[in-house]
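Structural overview for review
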Amino acid sequence: TNGTGEAMGSEIAVGEAKFTAKNSILTNKSDGPMFYITNTTATATLDSTQLVQDGDVLIQAASDRWGNEGKNGGCFTLNAMHQELKGKIFANTISRVTLNLQSGSHWTGSFNEDYTADAAVLNLAKDAVWEVTGNSYLTTISDADMTFNNINSNGHKIYYDKKANPNLGGKTYKLPGGGKLIAK
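In short, a report on the structure. Computed from a predicted model, the values in this text were never measured in an experiment.

Description of the overall build of the protein chain
Counting its secondary structure elements, the protein chain contains 0 helices and 20 strands. Looking at the protein chain as a whole, 44% of its 184 residues are labelled buried. Contacts in the protein chain between residues at least 24 apart in sequence constitute 46% of all its contacts with a sequence separation of at least 6. When the accessible surface of the protein chain is summed, it comes to about 9,200 Å², and 49% of that surface belongs to carbon and sulfur atoms.

What follows is the structure, given as C-alpha cells:
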C-alpha cells in the first residue's frame, strides 16, 4: 500500500504473489512474522517503507495446512531498497528465502539460525549493512563489498555452503565485530 492505504502493485497469479510498497508504513499487530509464505512463490519489494511489528520474525517460509504435503513449502524473495529491516528469517526444509539488500538498506537479524532451510540466499549491495544477531546458515552469499566490512557480526558465525559459493574458495573470513564467515 502507499501512504494513503491504497494498494500499489499487488497482484496474485496462479502460484505466485507479488507485492510492492514505497514510502509506506506496514503494520503487523500480531507477534507472528511480518511476511509468512506457504504453498506459493512470492516476491515483495520494499522501498523506504517503515515496518512496525510486535514479533521478532521478519520472514517465515514454511509448509502449512494448504497444498499437497511435501510440496507446499514457500519460496520468497524480498527486495529491499533504502530500507530498515529487523527480525529473524526462517525457512523449513522445503522452503526457500532470498533477501536482496540493495542500496541504502540496513537489516538487523539472523538468517536460518535453526539450519533447516532448503535454501537461504543473501545478496548485499556495497552500501547495504547486515547487523548479525545470531549464528546464521546461508546456502549462498553474494556481497559487492568483498571485504565484508558491511557485515557487523557481533561475534556471531555465518556459515556458507562451500560448493554453492566457489568464488569464496572454501575459506574462512574474519568479519567486523569478531565473528567469522565459515565454509560448511
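Concerning the pairing of strand S14 (residues 129-132)
Pairing geometry for strand S12 (residues 106-109) and S14, over 4 bridges, is parallel. Bridged to Thr108 within S14 is Glu131. Pairing between S14 and strand S17 (residues 151-152): 2 bridges, direction parallel. Looking across to S17, one finds that Glu131 is bridged to Asn152.

Structural notes on the sheet that holds strand S4 (residues 35-37)
Pairing is parallel across the open sheet formed by 3 strands, whose spatial order is S4-S7-S10. Of all the strands in the sheet, just S4 and strand S10 (88-91) have a single pairing partner and so form its edges. When the angles between neighbouring strand axes are averaged without regard to direction, this sheet yields 5°. Bridge count between strand S7 (residues 57-61) and S10: 4 bridges; the pairing is parallel. Across the sheet, residue Val57 finds its bridge partner in S10, namely Lys88.

Notes on the pattern of salt bridges
According to the stated counting rule, one finds 4 salt bridges in the structure shown. Salt-bridge contacts for Lys18 lead to Glu16; the nearest nitrogen and oxygen are separated by 3.7 Å. Judged by relative accessible area, Lys18 falls into the partly exposed class, the value being 38%. Residue Asp118 pairs with Arg96 through a salt bridge whose shortest N-O separation is 2.8 Å. Taken together, the positions of Asp118 in the loop between S12 and strand S13 (119-124) and Arg96 in strand S11 (residues 96-101) put the pair 22 residues apart, joining distant regions of the chain. Taken together, the shared-partner salt bridges in this structure form one network comprising Asp56, Lys88 and Glu113.

Things to note about the sheet that holds strand S9 (residues 84-86)
Judged by pairing direction, the sheet is parallel, and its 4 strands sit side by side in the order S9-S12-S14-S17 without closing on themselves. The open sheet has two edge strands, S9 and S17, and neither has a second partner.

Quick notes on the layout of surface pockets
Space inside the largest pocket adds up to approximately 170 Å³. Lining the largest pocket are 14 residues; nearest its centre among them are Tyr115, Tyr137, Leu138, Thr139 and Asp161. Every element with two or more residues in the lining of the largest pocket is listed here: S13, strand S15 (136-138) and strand S18 (157-160). For the lining of the largest pocket, the residue count by class is 8 nonpolar, 3 polar and 3 charged.

Rules behind the numbers
- Counting of residues starts from 1 at the beginning of each chain's written sequence and follows it residue by residue.
- For a predicted model such as this one, the threshold for reporting local features is a pLDDT of at least 70, and the threshold for listing and counting side-chain atom pairs is 80 or more; totals across whole chains, interfaces and linings nevertheless cover every residue.
- Hydrogens and water are ignored here; the side-chain numbers use all heavy atoms of the structure.
- We count a stretch as a helix when DSSP gives it H or I for four or more residues in a row; a strand needs E for two or more, and each element gets its number in order from the N terminus.
- Burial classification: accessible surface area is computed with a 1.4 Å probe over protein chains only, and a residue below 20% of its type maximum counts as buried, one above 50% as exposed, and the rest as partly exposed.
- We call two residues contacting when some pair of their heavy atoms lies within 4.5 Å.
- Accessible surface is estimated by sampling points in the Shrake-Rupley manner with a 1.4 Å probe; for residues, cover comes only from the protein chains shown.
- When DSSP finds two or more bridges between two strands, those strands count as paired.
- Angles run from 0 to 180 degrees between N-to-C directions of axes, and those axes are lines fitted to C-alpha atoms, restricted for helices to the stretch in contact.
- Note on definitions: salt bridges are taken to be side-chain nitrogens of Lys or Arg within 4 Å of carboxyl oxygens of Asp or Glu.
- Site definitions follow a grid-based scheme: protein atoms alone, a 1 Å grid, a 1.4 Å probe that fits but cannot get out for cavities, and for pockets an open set with protein on both sides within 12 Å along at least five of seven lines, plus lining residues having an atom within 4 Å of a point.
- Grid points are joined across faces, edges and corners, and a volume is the space filled by probe spheres set on the points.
- Three categories are distinguished: nonpolar for Ala, Val, Leu, Ile, Met, Phe, Trp, Tyr, Cys and Pro, charged for Asp, Glu, Lys and Arg, and polar for the others, with Gly belonging to the last.

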